[in-house]
Amino acid sequence: RRAGQLRSASSCRSRAVAAMASLRAGAAFLSAVFLLLLEVASAGLNGYFGTKSRYEDVNPYLVQDPLSLGPAAAGSGLPPSCAPLQLRALLRHGTRYPTAEQIRRLGDLHARLIRRRPAADAGSAVAACPATADLAAWQMWYNESLDGRLAPQGRRDMEHLARRLAARFPALFAARRRLVLASSSKHRCLQSGAAFRRGLGPSFSLGSDEAEVEVNDSLMRFFDHCAKFVALVEENDTAMCQVKAFKEGPEMKKVVEKVARTLCLPVEELNADLVQVAFLTCSYELAIKNVTSPWCSLFSEEDAKVLEYLNDLKQYWKRGYGYDINSRSSCILFQDIFQHLDKAVEESKSSKPISSPVIVQVGHAETLQPLLALMGFFKDDEPLKANNYIRQAHRKFRTGRIVPYAANLVFVLYHCDQVKNPEEEYQIQMLLNEKLMLFQHSNETISTYADLKDYYKNILENCHFREECELPKVNNTAIDEL
C-alpha cells in the first residue's frame, strides 16, 4: 500500500509538472501570437494619433522614398509664363519626445503594471493577462530630461522637407539666394530650423550655430502674448467643458473599461488621461523609433477613433473654432504674411530683386491651427461637442491630417507674363503638407493675389492684435466673453 501511495504521489507530481509546463508553453504561445498580431493590429491605429501623427501618415509615399515629391511632381497647374517670386513657409517642428508631464504619467501607469505583473511561475496568470506581462517587461526608456525635445527623426523630417521644397521650387532655392529663417524660442523649433537649413546644403547652411535662426515668439507663439486667450481659454478650466464631458461620457468610459479588462486592472485604477497616455505612447514609439510598441496592443481601431476625437475636441476648443479668440489671436501672423507678399509685389513692379525670396518660420501645431481657422479652413457645419461623436465621424477637423509633426503651410506668390489684365499678373497658391489647397473664395487651387486680398480684406484691415487680445475691463472669465 505504501509503494502504491508513493507511485500515486509521484504520478500527481508528474501531472502537476506537466500541467505547469503546459501552462508555460501556452503562455509562451499566447505571448508569441500577441507579438505576431501586434504589427497587424497597430496598422489600423496610425491614422488616429491626432497632433502626434507622423508626417508619413499624411503622405504615405514618403515611407518608401522620403525625398519623393509624390503628386507634387505633376506641377502647379499655372501657365509656363508664371514664375515664383516668393515662398513663405510656416512649419511645425519635427517629431519630438513626450513632454515631462506625459512621461510622468506614463511612468505612473507602467509602475502600476509592474506591481501587477504575475510571478514567473504563475503560468495561468500570465496566460490570462499577456498584455500586462509584456507591458511590465517593456523598458521605460523615457526620462523627464527629454521634455518635448526634438528627436533624431525630427531632424530628418526637416532636412527631407527642405530638400523636397528645394526640388519643387528650384528657382527660389537657387544657390546664393537669401533665406530668412525664424523660429519660436522652444528648443525643438530652433533645432528644426537648423535642420531645415542643413537640408538645403552648403548654399544656405551658414554653420551649425542655432543662434543664426532668428527667435520670434511674437509671431510663432502669439498665443502666449494674447492676454485674453491666456486668461479665458488657456487658464480657464470651464473653457474645456466639452473635453471634460467627453472624458466622462459613454464612448470614453467604454474604452477605459476595455483597457482595464485587458490589463487585469480594477477600472478604478484607470481614467481617460492614463488611457490616452498609453495610446500616445504607441504613437511616440512609432514616430520616434519606427517600431510597433506593445502599448498599441491595448487598442482597436474603434478605440483609436474615440481617442482621436478626444484629442481633436481639445484642439477644436483650445486652438480652433471653439472660441473666436483662438483664431483672432493669430491675425498678427496673418497680416505679417501679407505684408511680405505685398513687399515682393512692390519690388517686382519696380523691377527690383526680391529681397526675401524664401521666408521659413518654425513654430508649433498651436501656431498653424489658429491661422487655418482664421482663414476658414476645415470648418464643420456643426461644432465638435461631447455629445455628437457619431455625427462627427466624417468631420473636416481632424488634426492628424492637418497638423502632424513637420506640418507645413506654404504660400507661393507668382509673377505671370502674357496676362489678359493687370490683376492676373500676380497669382498665388497655398499648400498644406505639400498638397495644393482649394481657396475658400473660389474652390480653385490658383487665385489672383488681388482676389485673395479682397476676400480677407476684413481681417487684413480690422483684426488688430492688441485690441483683440485685450482683456475685458471687468475681469469676468465667463464663456460668454468668448
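Residue indices follow the written sequence of each chain, beginning from 1 at its first position. Reporting in this predicted model follows two pLDDT cut-offs: at least 70 for local features of residues, and 80 or more for side-chain atom pairs to be given and counted; totals over whole chains, interfaces and linings ignore these cut-offs and use all residues. Only hydrogens and water are removed before side-chain values are computed, so all heavy atoms of the structure are retained for them.

(A) Fine view of helix α8 (residues 227–234). Each residue gets one of three labels from its accessible area relative to the maximum for its type: buried under 20%, exposed over 50%, partly exposed in between, using a 1.4 Å probe on protein chains only. A run of DSSP states H or I qualifies as a helix once it reaches four residues; a run of E qualifies as a strand once it reaches two. Both are numbered from the N-terminal end. Regarding α8, the residues found buried are Lys228, Phe229, Leu232 and Val233. Seen from one end, α8 has its buried residues packed into an arc of 95°, which puts them on one side. Contacts are residue-level and defined by heavy atoms, with any inter-residue pair within 4.5 Å sufficient. Those residues of α8 that are buried are in contact with α12 (301–318), α13 (324–328) and α19 (465–469). Here the arc refers to the directions that run from the helix axis out to each C-beta atom.

(B) Quick peek at the side chain of glutamine 242. Along the chain, glutamine 242 turns up in helix α9 (residues 241–247). Beyond its immediate sequence surroundings of up to four residues, glutamine 242 is in contact with Leu313, Trp317, Lys385 and Ala386.

(C) Region of the structure containing the pairing of strand β4 (residues 358–363). Most of β4 is tucked away, with six of its six residues classed as buried. Of the two faces of β4, both are covered, the one formed by Val358, Val360 and Val362 as well as the one formed by Ile359, Gln361 and Gly363. Each pair of strands is called paired provided DSSP finds at least two bridges between the two strands. Here six bridges tie strand β1 (residues 82–92) to β4, and the two strands are oriented parallel to one another. Paired with leucine 87 across the two strands is valine 358, which belongs to β4. Of the pairings in the sheet, the one linking strand β2 (residues 179–183) to β4 comprises five bridges and is parallel in character. Paired with alanine 182 across the two strands is glutamine 361, which belongs to β4.

(D) Broad picture of the state of the cysteines. Two cysteine sulfurs form a disulfide in these notes if their separation is within 2.5 Å. Evaluated as defined, the whole model comprises three disulfides. Here cysteine 82 pairs with cysteine 416 through a disulfide, and the sulfurs are 2.0 Å apart. Here cysteine 82 and cysteine 416 share a disulfide; its torsion about the S-S bond, 110°, makes the bridge right-handed. Taken together, the residues cysteine 82 in strand β1 and cysteine 416 in strand β5 (residues 408–416) connect sequence positions 334 residues apart. Cysteine 416 matches cysteine 82 in its accessibility class, with the two residues each being buried. A sulfur-sulfur separation of 2.1 Å characterises the disulfide bridge that pairs cysteine 226 with cysteine 469. A torsion of -100° about the S-S bond marks the disulfide between cysteine 226 and cysteine 469 as left-handed. Placement of cysteine 226 in the loop between α7 (217–220) and α8 and of cysteine 469 in helix α19 is noted, with a sequence separation of 243 residues between them.

(E) Focus on unusual backbone geometry. With phi around 55°, cysteine 264 is a residue other than glycine that occupies positive phi space. The exposure class assigned to cysteine 264 is partly exposed, which follows from its relative accessible area of 36%. For phenylalanine 378, which is not glycine, the phi dihedral falls at a positive 60°. Overall, phenylalanine 378 belongs to the partly exposed group, its relative accessible area being 25%.

(F) Structural context of the pairing of β1. The buried count for β1 comes to nine of 11 residues, which makes it a mostly enclosed element. Bridge count between β1 and β5: nine bridges; the pairing is antiparallel. Bridging across to β5, leucine 90 finds its partner in leucine 409.

(G) Just the nonpolar core, in detail. Remark: nonpolar core denotes a set of buried residues (Ala, Val, Leu, Ile, Met, Phe, Trp, Tyr, Cys) joined through side-chain atoms within 4.5 Å. If you look at the biggest cluster of nonpolar residues, it comprises 103 residues, and the most contacted ones within it are Met252, Leu270, Val275, Trp295, Leu298, Phe299 and Leu409. Take this core: its biggest share by element is 12 residues, from helix α11 (residues 272–289). In this structure, methionine 252 is in contact with Phe246, Lys247, Ala272, Val275, Val306, Leu307 and Leu310, ignoring residues within four places of it in sequence. Counting residues in hydrophobic clusters, the runner-up holds 31 residues, among them Cys82, Leu179, Cys189 and Ala195.

(H) Expanded view of the pattern of salt bridges. One side-chain nitrogen of Lys or Arg within 4 Å of one carboxyl oxygen of Asp or Glu is enough to make a salt bridge. Inspection of every chain in the model, using the stated rule, returns 19 salt bridges. Two residues, arginine 105 and glutamate 101, come together in a salt bridge whose shortest N-O distance is 3.2 Å. Pair noted here: arginine 105 and glutamate 101 are both in helix α2 (residues 100–116), with a separation of four residues, about one helical turn. Judged by relative accessible area, which is 44%, glutamate 101 ranks as partly exposed. Arginine 164 is the partner of glutamate 434 in a salt bridge, and the nearest nitrogen-oxygen pair spans 2.8 Å. Here arginine 164 lies in helix α5 (residues 152–168) and glutamate 434 lies in the loop between β6 (426–432) and β7 (435–436), a separation of 270 residues in the sequence. Just as glutamate 434 is buried, arginine 164 falls in that class too. Each of Glu308, Asp312, Arg395 and Arg398 takes part in one network of salt bridges that share partners.

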